[in-house]
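A structural walkthrough
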Amino acid sequence: MSKVLVGVDGSDASRRTVDFAVELAKDFEIGIIVVHVIPWSPYSFTTSEENEHRHLQREVELVAAREQIVEPAIHQVANANIKVEAVVRHGHPVEVMIEIARERGVRHIIVGRTGDSRIKQALFGSLPTQLILHSTVPVTVVP
């Protein structure tokens, strides 16, 4: 079965993105993978004491993301009779979403347009822009 990856962050744009993906999944009889990426870099500078507690903190973050962001998105899909999976990972959001798409044979990535500051967008580009530039599958950005 073909699948689409839907990036979620709990925002209003994210909820509209899930609604869009549900309609697409119904039309084309495909599954949905709901993905949330917790930004984290293994190259961040931390003290040895912080490193000792980092593993526990990462686990707490994963549980919180599942409960507060991913489960509500899954509930949006629940009544649509669509196969849905969920993935929560730490890492660089664009790289992780592209990696998951590759691992799971995703045919399409769908994300919401985010509210990044104009300065951040000018310097680094937005997540949707970076996905469009680096993804090997089509990317749809939902307003």
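Shown above is the structure to which this text applies.
Note that this is a predicted model, so its numbers are computed, not measured.

This part takes up the side chain of serine 135. Structurally, serine 135 can be placed in the loop between α5 (127–134) and β5 (139–142). At 2.8 Å, the side chain of serine 135 forms a polar contact with the backbone oxygen of valine 137. Look past the residues within four positions of serine 135 in its chain and what remains in contact with it is Ile98 and Ile109.

Grouped together as the largest cluster of nonpolar side chains are 23 residues, with contacts concentrated most on Val4, Val6, Val8, Val18, Val22, Ile32 and Ile82. Elements with a minimum of two residues in this core: β1 (3–7), α1 (12–28), β2 (31–39) and α2 (48–78). If one sorts the elements of this core by residue count, α2 sits on top with six residues. Setting aside anything within four residues of it in sequence, one finds valine 22 in contact with Ile32, Gln76, Val77, Ala80 and Ile82. Membership of the second largest hydrophobic core comes to 17 residues, among which are Leu5, Met97, Ile109 and Val139.

Moving on, we come to the environment of aspartate 19. Its location among the elements puts aspartate 19 in helix α1. With relative accessibility at 43%, the residue aspartate 19 sits in the partly exposed group. Measuring from C-alpha to C-alpha, the distance between aspartate 19 and valine 142 comes to 9.9 Å, with 123 residues separating the pair along the chain.

As for its placement among the helices and strands, glutamate 23 is situated in helix α1. Given a relative accessible area of 42%, glutamate 23 falls into the partly exposed group. A sequence separation of 57 residues divides glutamate 23 from alanine 80, and the C-alpha atoms of the two residues are 8.8 Å apart.

Parameters at a glance
Residue indices begin from 1 for each chain and proceed along its sequence in written order. Given that this is a predicted model, residues contribute local features only at a pLDDT of at least 70 and side-chain atom pairs are listed and counted only at 80 or more, while totals for whole chains, interfaces and linings are drawn from all residues. The basis for the side-chain values is all heavy atoms of the structure; hydrogens and waters are excluded. Strands here mean DSSP runs of E at least two residues long; helices mean DSSP runs of H or I at least four residues long; both are numbered from the N terminus. N or O atoms within 3.5 Å of each other form a polar contact, as long as, within protein, one can give a hydrogen and the other can take it, and as long as residues adjacent in sequence are counted only when both atoms are side-chain atoms. Working rule for contacts: check all heavy atoms of both residues, and any pair within 4.5 Å makes them a contact. By nonpolar core we mean a set of buried residues, namely Ala, Val, Leu, Ile, Met, Phe, Trp, Tyr and Cys, connected to one another through side-chain atoms within 4.5 Å. A simple rule labels every residue: compare its accessible area, found with a 1.4 Å probe on the protein chains alone, to the largest value its type can have, and call it buried under 20%, exposed over 50%, or partly exposed in between.

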